[in-house]
Amino acid sequence: MLTFEEKQQIIEEFPELVKKEVSMKRLNYHYEESLFDKTVVVQHLHPNGNAFVYVANVEGYEPDERGLVNVREFSADELRKVIRAAVEGLATEAPEVETISETWQHPEGSKVTLLEEDGFFNIYHGPNLEEGFGDYGEAASYLKEEGFSVKTK
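Scoring rules and cut-offs
Residues numbered from 1 in each chain as written. Predicted model: local features only at pLDDT ≥ 70, side-chain atom pairs only at ≥ 80, totals over all residues. Heavy atoms only, no water. Helix = DSSP H or I, 4+ residues; strand = E, 2+ residues; numbered from the N terminus. Buried < 20%, exposed > 50% of the residue type's maximum accessible area, 1.4 Å probe, protein only. Contact = heavy atoms within 4.5 Å. Areas by Shrake-Rupley, 256 points an atom, 1.4 Å probe, with all protein chains shown as cover. Lys, Arg positive; Asp, Glu negative; His and termini not counted. Charge placed at Lys NZ, Arg CZ, Asp CG, Glu CD. Salt bridge = Lys/Arg side-chain N within 4 Å of Asp/Glu carboxyl O. Pairing = 2+ DSSP bridges. 1 Å grid on protein atoms, 1.4 Å probe; cavity = no way out; pocket = protein on both sides within 12 Å on 5 of 7 lines; lining within 4 Å. Points joined across faces, edges and corners; volume = space filled by probe spheres on them. Nonpolar A, V, L, I, M, F, W, Y, C, P; charged D, E, K, R; others polar. Axes fitted to C-alpha atoms, helices over the stretch in contact; angles between N-to-C directions. Phe/Tyr/Trp six-rings, centres within 6.5 Å; stacked < 30°, edge-to-face > 60°.

Caption draft 1: Up close: the overall build of the protein chain. Tallying secondary structure elements over the protein chain gives three helices and 10 strands in all. For the protein chain, the spread of C-alpha atoms along the principal axes amounts to about 75 × 25 × 25 Å. Looking at the protein chain as a whole, 37% of its 153 residues are labelled buried. Contacts in the protein chain between residues far apart in sequence, at least 24 positions, make up 37% of those at least 6 positions apart. Put simply, the protein chain shows about 9,700 Å² of open surface, and 47% of that area lies on carbon and sulfur atoms. Looking at the protein chain, you have 15 positive and 31 negative side-chain charges, and the mean spots of the two groups are 8 Å apart.

Caption draft 2: Here's a closer look at the pattern of salt bridges. Within the structure shown, the criterion is met by six salt bridges. Its salt-bridge partner being Arg66, residue Asp64 comes within 2.8 Å of it at the nearest N-O pair. Residue class for Asp64 comes out partly exposed when judged on its relative accessible area of 24%. What you see here is one network of salt bridges that share partners, running through Glu13, Asp77 and Arg80.

Caption draft 3: Region of interest: the pairing of strand β1 (residues 17-21). Here β1 runs beside strand β2 (residues 27-31); their pairing, made up of five bridges, is antiparallel. Bridged to Val18 within β2 is His30. In sequence, β1 turns back onto β2 through a hairpin of five residues, with Met24 there showing a positive phi of about 55 degrees.

Caption draft 4: A look at empty space enclosed by the protein. One pass over the structure, following the stated rule, counts one cavity of 30 Å³ or more. By volume, the largest cavity is sized at about 40 Å³. Forming the boundary of the largest cavity are Tyr54, Ala56, Asn57, Val58, Ala86, Gly89 and Leu90. Tallied by class, the residues present in the lining of the largest cavity amount to five nonpolar, two polar and no charged.

Caption draft 5: How the structure looks around the sheet that holds strand β4 (residues 52-54). Sheet architecture is open: five strands sit in the order β1-β2-β3-β4-β5, paired in antiparallel fashion. In the strand order of this sheet, the two ends are held by β1 and β5 (68-70), each with one partner. On average, each strand axis in the sheet is inclined to that of its neighbour by 20 degrees, with strand direction left out of account. Pairing geometry for strand β3 (residues 40-45) and β4, over two bridges, is antiparallel. Paired with Val42 across the two strands is Val53, which belongs to β4. Docked against the sheet, helix α1 (residues 4-11) engages β1, β2 and β3, running at close to 165 degrees with respect to β3. With respect to the sheet, helix α2 (residues 76-91) is in contact with β1, β2, β3, β4 and β5, its orientation differing from that of β3 by roughly 135 degrees.

Caption draft 6: Main features of the packing of aromatic side chains. Here the structure, examined in full by the defined rule, presents two aromatic pairs. Seen in terms of ring centroids, Phe121 and Tyr136 are 6.0 Å apart; in terms of plane orientation they differ by 75 degrees. Their pairing is edge-to-face. With Phe121 in strand β8 (residues 120-125) and Tyr136 in helix α3 (residues 136-145), the pair connects residues that are 15 residues apart, well separated along the chain. For the pair Phe133 and Tyr142, a centre-to-centre distance of 5.3 Å together with 40 degrees between the ring planes defines the contact as tilted. By relative accessible area, which is 13% here, Phe133 ends up buried.

Here you go:
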C-alpha cells in the first residue's frame, strides 16, 4: 500500500487539481473546471493512506452509492489511471442520448406517436396519452397487436 505522502505526490502530478484541507488532517482535490456540479476528484486522502476517487461516470470501476471508489490498496499506476479517468469524466460532456420518436399507422388510417420520455415509452393519439410502457419492446408489441405498423423513426 502506498503511504499518504506517496499518494499525495501522485495526486499532485495532476496540475489541474486543487488541494483543499478538510477535517482530521484529510485532503480533498478538486477539478474546478468540471462540466458538472461535482468537482471533487479525490476525497478524504487521510494520513493513514485511505482515500476515495470519484468514478460515478467512469467505466471499469464499481463505485459506491456516492460515486466513489476506495483507492487504499491501489498501486501508483492504478492511482494515476483512476485519477486521469475521473478528471476526463468530469471534463467530458455526456453524449446526448437519442430518444425514440416514432409514428405508427393503422391500416384504417389512424396514427399514433410512440415517444420515449423519462425512461418510459408512451403512446399518444394527438395530444392525448393513450398508454405507457416500461420498455420499447412492450410498447411495440402492443401497437402490433392493435394492428399498427411503424411509419417513421
